[in-house]
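Fold and contact review
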Amino acid sequence: MKILLLINDLGLGGVQHLTVYFANALQKQGEMVSVVCLFSRPESFFYRSDLLEGVFFKALSFKNFFDIREWIRLYYFLRQEKFDIVFSQLFFADTVGRITAFLARVPVIVTEIQNLIPHLPIVYIIMNRILRHIT
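First, a word on scope: everything that follows refers to the structure included in this document. Only a predicted model underlies this, so the values are computations on that prediction, with no experimental measurement involved.

1. Some words on the nonpolar core
Soluble globular proteins tend to bury their nonpolar side chains together. Core analysis: the biggest nonpolar cluster contains 20 residues, and L38, F62 and L78 have the highest contact counts within it. When residues of this core are traced back to their parent elements, those giving at least two are β1 (2–7), α2 (68–81) and α3 (91–103). For F62, the contacting residues outside a window of four places in its chain are L38, F39, D67, E70, W71, F92 and V96. I7, V35, V55 and F87 belong to the second-largest nonpolar core, a separate cluster that totals 17 residues.

2. Observations regarding the sheet that holds strand β2 (residues 32–37)
Here we have 5 strands laid out as an open sheet, ordered β3-β2-β1-β4-β5, and parallel in their pairing. Two strands lie at the open edges of the sheet, namely β3 (56–59) and β5 (108–112), each paired on one side alone. Between one strand axis and the next, the sheet turns by 20 degrees as a mean value, whatever way the strands run. Examined bridge by bridge, β2 and β3 share 4 bridges and lie parallel to one another. Note on β3: the bridge partner recorded for S34 is F56.

3. Quick look at unusual backbone geometry
Positive phi, close to 50 degrees, is recorded for K82, a residue that is not glycine. The topology assignment puts K82 in the loop between α2 and β4 (85–89). Given the relative accessible area of 62%, K82 is considered exposed. Phi is positive for L90, close to 80 degrees, though the residue is something other than glycine.

4. Quick notes on α2
The end-to-end C-alpha distance of α2, which contains 14 residues, comes to 20 Å, matching closely the 20 Å that a straight helix rising 1.5 Å per residue would cover. Among all positions in α2, only E70, W71, L74, F77 and L78 are buried. Take α2 and look down its axis: the buried residues cluster within an arc of 130 degrees, on one side only. Counted as exposed and oriented over 90 degrees from the buried face of α2: I68, R69, Y76 and Q80.

5. Points about the pairing of β1
One face of the sheet, then the other: side chains in a regular strand alternate in exactly this way. With 6 of its 6 residues buried, β1 lies for the most part within the structure. The two faces of β1 match: K2, L4 and L6 on one face and I3, L5 and I7 on the other face are all buried. Here 6 bridges tie β1 to β2, and the two strands are oriented parallel to one another. Counted as the bridge partner of K2 is M32 from β2. In this fold, β1 hands off to helix α1 (residues 14–28), which returns the chain to β2; that crossover is right-handed.

How each quantity is defined
Residues numbered from 1 in each chain as written. Predicted model: local features only at pLDDT ≥ 70, side-chain atom pairs only at ≥ 80, totals over all residues. Heavy atoms only, no water. Core = buried A, V, L, I, M, F, W, Y, C linked by side-chain atoms within 4.5 Å. Buried < 20%, exposed > 50% of the residue type's maximum accessible area, 1.4 Å probe, protein only. Helix = DSSP H or I, 4+ residues; strand = E, 2+ residues; numbered from the N terminus. Contact = heavy atoms within 4.5 Å. Pairing = 2+ DSSP bridges. Axes fitted to C-alpha atoms, helices over the stretch in contact; angles between N-to-C directions. Expected span 1.5 Å × (residues − 1). Arc of directions from axis to C-beta. Right-handed = clockwise from strand over helix to strand, strands pointing away.

What follows is the structure in structure tokens.
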């Protein structure tokens, strides 16, 4: 299977560390794994060097949610690579990833919420309710 792990970045953080661990474990099992970070900031690549050789890595340069150029780049990347699964983590990647994977006709779209946030912003709740039907 071709699996894409989509995340905001690989900066210092628990979700980022788990993404690298998950990518490496899948690669060791013989899956074709790619990791795509949506942001390219100086602090975005703390765990980048922990990815095993053979795990494809790509960084996009989203500036914000309305960065149409980067949405298009991600869409064409998904269409070209024909992933079987797109797995996203963290709100920005969850939102952008689910919408783009749906438009690119990726067969399986998965997201995982890592943290329980007692007072989740209403925009998070609304987006998750809308996007849960394609996830």
